[in-house]
Structure formats: C-alpha cells, structure tokens
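Here is how the chains run, residue by residue.
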Amino acid sequence: EAQVTQNPRYLITVTGKKLTVTCSQNMNHEYMSWYRQDPGLGLRQIYYSMNVEVTDKGDVPEGYKVSRKEKRNFPLILESPSPNQTSLYFCASSFSSYLGANVLTFGAGSRLTVL
Amino acid sequence: AQKITQTQPGMFVQEKEAVTLDCTYDTSDPSYGLFWYKQPSSGEMIFLIYQGSYDQQNATEGRYSLNFQKARKSANLVISASQLGDSAMYFCAMRDDAGGTSYGKLTFGQGTILTVHP
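This structure is a prediction, so every number in the text was calculated from the model and none was measured.

Peer 1: Can you walk me through the confidence of the model for chain A in this structure?
Peer 2: Averaged over every residue, the pLDDT of chain A is 93; the share at 70 or more is 96%. Put simply, strand β6 (residues 54-57) of chain A is where chain A has its lowest mean pLDDT, 92, and strand β8 (residues 76-78) of chain A is where it has its highest, 98.

Below, the structure written as structure tokens:
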C-alpha cells in the first residue's frame, strides 16, 4: 500500500531531551515536507526537501533539524525540545514540488507533548 | 505573501442536505493550485479536491465540488447530500505554482469544523 509512515504516533517527553520523529514513504516521491498543526493556526510548514541532500526551511524552522540522506526517509529532529513545540506533526510527500494537480500525501500524524 | 482565510470556525448541516464551506485566498501569483483536505477525528489528512488557477471548469469529485470564483479569490467547497461520516475538520490550502522559494509549500487556512446532524 502506498503510504507515508511516521513514528512515533504519540510521544510525551521532557524539555531538552533530544528526539527524532521518523518519516518514510514507499512511493519514490522526490518531495517531502514537515508541517505542524496548532489550534487556530492550521498547518504550517517546518522544512521541506526537493530531493536527496536538498533541504530548506519552511515558515517555522526554529528548533528543528532535518536530513535527507535517502529518498524514502526524512526524519525531523528536535535537538532540545521546548513546551512550545508541543503540537501535532505531519510528514507529507509528493512526486515533485509543483506540477499541476500534484497532491501532497500525508502521514497519519505524530502528537508530541513536551513537558 | 500568500494567505488563506476560512471565516467559519464551525458549521452545522442536516444529513442529506448540501453545505458550503468558505475559503478566500490572497496571492499575487497568476499560477497557483487550490486544495481541500478533510481531517476526521482520527487525525489523518485526506485529500478531497484540487483546482488549478487556469482551470476553466469548477472541479468536482463525487459529492465534492469546488466553487472557484477567480475574480473574488474564493474557492468554496460544496458537499452535496451530507453524510454523518462527513463530520470532520476541513482545510483549504493553496500552493504557489510560480516556483521560487515556496517550492510546493501548501499554505493552509485555519480550518472549519463541520458537524452533520442526523
């Protein structure tokens, strides 16, 4: 089944404890992206990657890192999490960044709580 | 900068009735794409419908149609014959297709919670 898989789905952690949210897609998509969803704000882009070894900042990159060493994987790293990073996180992918009806496919989401 | 506005925090509709969810957008780019996604209580994001800025016809996908009024910069979602399973959060989103630094980014509205009553 074509999908974007995120792990963990739920995580409670403490301030300053490094964590990684993994994202993997099995559709050979070039483009991958991370969003966070907060009430009243919709979804906002954190980072994106147009292909292997090509990443760039989105609208809210502070406090996050990413890497794209393989086409299928795009992990999100929180080096020193803080309570304001408590949110619902989505990984998404598509064949290319912009091409007509090219649709972003989203993972199931990862709910992170930082105490 | 791109902006998407959904002015209806919540909407109620009776089962089998039609409902319109409002979305207005702001962009200076001539080439863009408009999307609607559904987020049920389980949390996943489900793609519903797409409209390109140069498309002459309004997009339709089953019970979903997009009422695209380019001059008004609106892209309202119409759901016909509502079902109980349509109860969810609905997001309108825009992608700038002109390239540059936005590279496929979707800009989302705040969302509208739709509740379908039996």
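Peer 1: Even after reading the chapter, I still don't get the interface of chain A and chain B, so can you show me in this structure?
Peer 2: For interface size, the figure often reported is the accessible area lost on association. Contacts between chain A and chain B engage 23 residues on the former and 21 residues on the latter. Both sides together, the interface formed by chain A and chain B hides about 1800 Å², and carbon and sulfur atoms give 58% of it. Taken together, the links from chain A to chain B amount to one salt bridge. The salt bridge partner of K105 of chain B is D59 of chain A, with a shortest N-O separation of 2.9 Å. Counting every contact that joins chain A to chain B gives four residue pairs in polar contact (both at pLDDT 80 or more). Elements supplying a minimum of two residues to the side of chain A that touches chain B: β4 (31-38), β5 (42-51) and β9 (87-94) of chain A. Here the element with the most residues in the side of chain A that touches chain B is β5 of chain A; it accounts for five residues. The residue inventory of the side of chain A that touches chain B, partitioned by class, reads 14 nonpolar, seven polar and two charged.

So, how was this worked out
Residues numbered from 1 in each chain as written. Chains lettered and ligands numbered in written order. Predicted model: local features only at pLDDT ≥ 70, side-chain atom pairs only at ≥ 80, totals over all residues. Heavy atoms only, no water. pLDDT = per-residue confidence, 0-100. Helix = DSSP H or I, 4+ residues; strand = E, 2+ residues; numbered from the N terminus. Contact = heavy atoms within 4.5 Å. Buried area = accessible area lost by both parts, 1.4 Å probe. Salt bridge = Lys/Arg side-chain N within 4 Å of Asp/Glu carboxyl O. Polar contact = N/O pair within 3.5 Å; in protein donor to acceptor, adjacent residues only side chain to side chain. Nonpolar A, V, L, I, M, F, W, Y, C, P; charged D, E, K, R; others polar.

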